[in-house]
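So the chains spell out like this:
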Amino acid sequence: MRNPIIGGNWKMYKTIDEGIKLAKELVNNLCDLTECDVFICPPFTILEKVSEIIKNSPVKLCAQNMHWAEEGAYTGEISAKMLLDVGCKYVLLGHSERRRGEPQEFDEIINKKLKMALSKGLLPVVCLGETRKERKEGRTEEVIKKQITHSLREIDKIDILKVTIAYEPVWAIGTGDTATPEQAEDVHMYIRNLLSQLYNSEVVEKVRIQYGGSIKPDNMKDLIMQDNIDGGLVGGASLNAESFIKIINACKISLA
Ligand code: PEP
């Protein structure tokens, strides 16, 4: 049995006051949460403020990105040590908006970041997924296989247990076009089988795979009922406490 894990990616939204308000609303409503792991990913500018608000609550802090180096002359970058310093427990790596951003983030860089995050004790959430064009061309599995094998290169079976995989089809992110539960489950099952070939199936049974892409309170229930969907990475719907809380509550049915 894998407990659901739900993340809220605030992306480049929320000023200090807005972030404080949202964090307080979440803490006030989720104080008795025990069965699910919940994290939020505020922008760097408000990590510290949000960290203070959530510190004694079940809601954990996640950064949206980090650099692969320990420290150094990397203007504008943030290190794993800095994230730990501010109270982060998790870090998102390889979000599609970064894989396709400027500069583009490739699997090799994500792998370097993953190794650094693990060596410092952060819990990484590795994001991956195919574009609409890749799906239309029937290349979904090929793309996922490449992303998994390259980004998880040299990660051993102890460390893979600390990693959460977020399957986020690019065509579903911010588009309102959610994958059907069956479409998502097919890819989640493929990812789990792939991981079983890289590690062993006993270990891989414990690895959590989140789905992400236009999750709303209404579609979470059907997604979480799939055998290999262990939670959600939520963008737009996590910017509002009411909808994010409804999504978390929807995930609890998988525990019943
Ligand atoms: C995301 O940012 O990871 C995401 C899935 O966004 P949205 O829920 O808005 O599609």
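Whatever comes next refers back to the structure up there.
Residues numbered from 1 in each chain as written. Predicted model: local features only at pLDDT ≥ 70, side-chain atom pairs only at ≥ 80, totals over all residues. Heavy atoms only, no water.

**Q** Looking at this model, I keep getting lost on the pattern of salt bridges. Mind explaining?
**A** For side chains of opposite charge, pairing can occur when their charged atoms come near one another. In the structure shown here, the tally under the stated rule is 20 salt bridges. Across the pair Arg-2 and Asp-230 runs a salt bridge, and its minimum N-O distance is 2.9 Å. Linking Arg-2 in the segment before β1 (5–9) with Asp-230 in the loop between α10 (217–224) and β8 (231–234), this pair joins segments that are 228 residues apart in sequence. The class of Arg-2 is buried, set by a relative accessible area of 15%. The class for Asp-230 is buried, based on a relative accessible area of 4%. (Salt bridge = Lys/Arg side-chain N within 4 Å of Asp/Glu carboxyl O. Helix = DSSP H or I, 4+ residues; strand = E, 2+ residues; numbered from the N terminus. Buried < 20%, exposed > 50% of the residue type's maximum accessible area, 1.4 Å probe, protein only.)

**Q** Help me out: how do you make sense of a negative patch on the surface in this one?
**A** Together, Glu-141, Glu-182, Asp-186 and Asp-222 give the surface a local cluster of negative charge. The residue Asp-222 is located in helix α10 in this model. (Patch = residues over 30% accessible without salt bridge, like charges linked within 9 Å, V, L, I, M, F, W, Y side chains within 5 Å. Areas by Shrake-Rupley, 256 points an atom, 1.4 Å probe, with all protein chains shown as cover. Lys, Arg positive; Asp, Glu negative; His and termini not counted. Charge placed at Lys NZ, Arg CZ, Asp CG, Glu CD.)

**Q** Would you take a moment to explain the state of the cysteines for this structure?
**A** Put plainly, a disulfide is one covalent bond tying together the sulfur atoms of two cysteines. This model, assessed by the stated rule, comprises 0 disulfides. The thiol of Cys-31 is unpaired, and the distance to the nearest cysteine sulfur, on Cys-36, comes to 14 Å. Residue Cys-41 stays outside any disulfide, its sulfur separated by 3.7 Å from that of Cys-62, the closest cysteine. According to the relative accessible area criterion, Cys-41 is buried, its value standing at 0%. (Disulfide = S-S within 2.5 Å.)

**Q** What's the story with the pairing of strand β5 (residues 123–128) in this structure? I'm lost.
**A** A regular strand places its side chains so that they alternate between the two faces of the sheet. Burial analysis of β5 places 5 of its 6 residues in the buried class, which makes it a mostly covered element. As judged from the 4 bridges shared by β5 and strand β6 (residues 164–167), these two strands associate in the parallel manner. By the bridge assignment for β6, Val-126 is matched with Ile-165. (Pairing = 2+ DSSP bridges.)

**Q** For this particular structure, what's the right way to read the sheet that holds strand β3 (residues 59–63)?
**A** Taken together, the 8 strands give a closed barrel; going around it, the order is β1-β2-β3-β4-β5-β6-β7-β8, and neighbouring strands pair in parallel fashion. Across this sheet, the average inter-strand angle for adjacent strands is 25°, counted without regard to direction. Across 2 bridges, the pairing between strand β7 (residues 208–212) and β8 is parallel. Looking at β8, one finds that Gly-212 is bridged to Leu-233. (Axes fitted to C-alpha atoms, helices over the stretch in contact; angles between N-to-C directions.)

**Q** For this particular structure, what's the right way to read helix α2 (residues 47–54)?
**A** Since the α-helix packs 3.6 residues into each turn, any two residues three or four apart lie on the same face. Within the sequence span of α2, burial applies to Leu-47, Val-50, Ser-51 and Ile-54. One side of α2 carries all its buried residues, which in axial view fall inside an arc of 105°. Buried residues belonging to α2 abut α1 (16–29), β2 (37–41), β3 and α3 (80–85). (Arc of directions from axis to C-beta. Contact = heavy atoms within 4.5 Å.)

**Q** Mind showing me how you'd approach the packing of aromatic side chains here?
**A** The geometry of an aromatic ring pair is captured by two quantities: the separation of the ring centres and the angle between the planes. Applying the stated rule across the entire model yields 3 aromatic pairs. Above the plane of the ring of Trp-68 lies Lys-112, whose end atom (NZ or CZ) is 3.8 Å from the centre. (Phe/Tyr/Trp six-rings, centres within 6.5 Å; stacked < 30°, edge-to-face > 60°. Lys NZ or Arg CZ within 6 Å of the ring centre and 35° of its normal.)

**Q** How should the pairing of strand β4 (residues 90–93) be read in this particular structure?
**A** Of the two faces of β4, both are covered, the one formed by Tyr-90 and Leu-92 as well as the one formed by Val-91 and Leu-93. Two strands pair when backbone bridges link them, and β3 and β4 are joined in this way by 2 bridges, in the parallel orientation. Of the residues in β4, the one forming a bridge with Ala-63 is Val-91. Bridge analysis of β4 against β5 gives 4 bridges, and the strand direction is parallel. Within β5, the position partnered with Leu-92 by the bridge is Val-125.

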